[in-house]
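So the chains spell out like this:
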Amino acid sequence: MPNWRIIEASFLHLTQPQQLGELAACLARLKSWVQNSAKREIVPVLLEESLLYLSLIQQNSEINHVELNQLQDTLQNWKLNWVSICDESTQTANITDVASTWSERVLLMSGLLTSQSMSA
């Protein structure tokens, strides 16, 4: 099991855009691992990591809490029901689509793409 305290401490040293970028990357990893049926035991850890990041972001920022609350509800639902949905191809396909969409949305929220393209 990951050492959540170390992960939290490291995450809190990031700027808000970097935190959102890390959450977006975690959601992208989630999508990838859901698709890898041989390694689906990683998915609950990624869900827990995403939920931790969301909680920390919400505690320390004023960004759109409505959207992040929606994401949090979605992730909690997946976490609670993972055992029953992990072998259902329709459900896992839905998770990959939704995780991908959220990853893109959170990355856009971060502003990292805009600031990188402006500095290039």
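Residues numbered from 1 in each chain as written. Predicted model: local features only at pLDDT ≥ 70, side-chain atom pairs only at ≥ 80, totals over all residues. Heavy atoms only, no water.

(A) The arrangement of the overall build of the chain in detail. A count of helical and extended segments in the chain gives six helices and zero strands. When the helices and strands of the chain are placed in sequence order, the string is α-α-α-α-α-α. Expected size for 120 residues packed as a compact globule is a radius of gyration near 14 Å; at 14 Å, the chain falls within 12% of this value. If you line up the chain on its principal axes, its C-alpha atoms span 45 × 30 × 25 Å. A burial count over the chain gives 35% of its 120 residues as buried. (Helix = DSSP H or I, 4+ residues; strand = E, 2+ residues; numbered from the N terminus. Rg over C-alpha atoms; globule rule 2.2 N^0.38 Å. Buried < 20%, exposed > 50% of the residue type's maximum accessible area, 1.4 Å probe, protein only.)

(B) View of helix H5 (residues 89–110). Look at H5: 31 Å from first C-alpha to last across 22 residues, which is about the 32 Å you get at 1.5 Å a residue. When we look at burial in H5, the residues that qualify are Thr92, Ile95, Thr96, Ala99, Ser100, Trp102, Ser103, Val106 and Ser110. Of the residues flanking the end of H5, it is Gly111, one or two places downstream, whose phi is positive at about 80°. (Expected span 1.5 Å × (residues − 1).)

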